[in-house]
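# Summary of the model geometry
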Amino acid sequence: MTADSRPAFGKVALLGIGLIGSSLAHAMRRAGLAAHIAGYANQAETLEKARAIGFADTLHDKPGPAVRDADLIVLATPVGAFGEIAKEIAGDLKRGAILSDVGSVKTAVVRDVGPFVPDGVHFIPAHPIAGTEQSGPEAGFAELFDGRWCILTPPPGVDAAALEKLKTFWQRCGSQVEVMDPKHHDLVLAITSHVPHLIAYNIVGTAADLETVTESEVIKYSAGGFRDFTRIAASDPTMWRDVFLNNREAVLEMLGRFSEDLSLLQRAIRWGDGDMLFNLFTRTRAIRRSIIDAGQDIAEPNFGRIKKPPK
Ligand code: NAP
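Residues numbered from 1 in each chain as written. Predicted model: local features only at pLDDT ≥ 70, side-chain atom pairs only at ≥ 80, totals over all residues. Heavy atoms only, no water.

## Quick word on the pairing of strand β4 (residues 72-75)
Burial along β4 is two-sided: the residues Leu-72 and Val-74 and Ile-73 and Leu-75 are all buried. By the bridge criterion, four bridges tie strand β1 (residues 9-15) to β4 in an arrangement that is parallel. In the sheet register, Ala-13 faces β4, and the bridge partner there is Ile-73. Alignment of β4 against strand β5 (residues 98-101), held across four bridges, turns out to be parallel. Looking at β5, one finds that Val-74 is bridged to Ser-100. As a crossover connection, the stretch from β4 through helix α4 (residues 82-89) into β5 is right-handed. (Buried < 20%, exposed > 50% of the residue type's maximum accessible area, 1.4 Å probe, protein only. Helix = DSSP H or I, 4+ residues; strand = E, 2+ residues; numbered from the N terminus. Pairing = 2+ DSSP bridges. Right-handed = clockwise from strand over helix to strand, strands pointing away.)

Right, dumping it as structure tokens:
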């Protein structure tokens, strides 16, 4: 066994075994990162699904027994539940353990979890920038984090060895790792993820409420661009409610900028300013190219949905 193939952790506890928690379990299994994976979920039905898939060694309906003797604990429920869970497990955490999470916001996680972290436990928040619009234990897969970024937001004075261990862990799950300040993380993610989700929820909601266009027409002609918004707007309602409630400041800041720019577009259309529209659309096309060049998406037209006939 080489040094790199040895399990990095003895026991890993996943508190939340939906899309992200179960994907992490699959990725850990693939890389042989844990000698024992313990999972916790709220509902019997979720635990039953996880048992049938078999990505965890033990499953628990309470977080305390799941984290006992764990070397790494990952909070993977919607962020609104983190504080309560952190409070409940505080007395069960092992000295020297790393407590982390996968939450989509970071300042609120530091605020809600930080006060319950016992001395001797290394608290290092994390956010894998990877996901799909699906949820639940059956939605997870080992490749979810491959080539995706994982942002760590360690507190000042963090134990260097613990940070290094978590970095290596995410790299072995397939990710590239970046370290960031939690406030900056929330600002960046507000514009790259949170506001785009809000726009998608809004446009799909607007279309659903239109009286002059029927619902069947919206569905029938959706390929014109609307369909891509519906994918994002199908994301988990609990998770996204918690994201907006817990990243209020940064989302409102970015939404303000977005509304100003939208007003400029409205004005350009009203006054027939084609140059303004053309210049903006040229700039945005270049951004799409940069995303493809960075390996964060595929170059195929229409996300590869159109199958070309073989030549
Ligand atoms: P998910 O598929 O809906 O899974 C959520 C899990 O948390 C389930 O196991 C659920 O168990 C459990 N849970 C829900 N409410 C709970 C509560 N009040 N107390 C205890 N357990 C609870 O969600 P997900 O997509 O994996 O998201 C999990 C976390 O990852 C969130 O914090 C999210 O911000 C973050 N994240 C998500 C994405 C994404 O694209 N989805 C990407 C990056 C990060 P039950 O079914 O038993 O309730």
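## With respect to the domain arrangement of the protein chain
Split into domains, the protein chain comes out as domain 1 (3-180) and domain 2 (184-272). Look at where the C-alpha atoms of domain 1 and domain 2 centre, and you get two points 30 Å apart. In total, domain 1 and domain 2 occlude about 1,300 Å² of area from one another, counting both sides; carbon and sulfur atoms represent 63% of this. One can count one salt bridge joining domain 1 with domain 2. In this structure, Glu-133 and Arg-231 form a salt bridge, with 3.1 Å as the shortest nitrogen-oxygen distance. Joining domain 1 to domain 2, the criterion identifies seven residue pairs in polar contact (both at pLDDT 80 or more). No other element matches the four residues that helix α5 (residues 107-113) contributes to the side of domain 1 that touches domain 2. Each residue belonging to the side of domain 1 that touches domain 2 can be placed in one class, and the counts come to eight nonpolar, six polar and four charged. (Domains from an automatic or database assignment. Buried area = accessible area lost by both parts, 1.4 Å probe. Salt bridge = Lys/Arg side-chain N within 4 Å of Asp/Glu carboxyl O. Polar contact = N/O pair within 3.5 Å; in protein donor to acceptor, adjacent residues only side chain to side chain. Nonpolar A, V, L, I, M, F, W, Y, C, P; charged D, E, K, R; others polar.)

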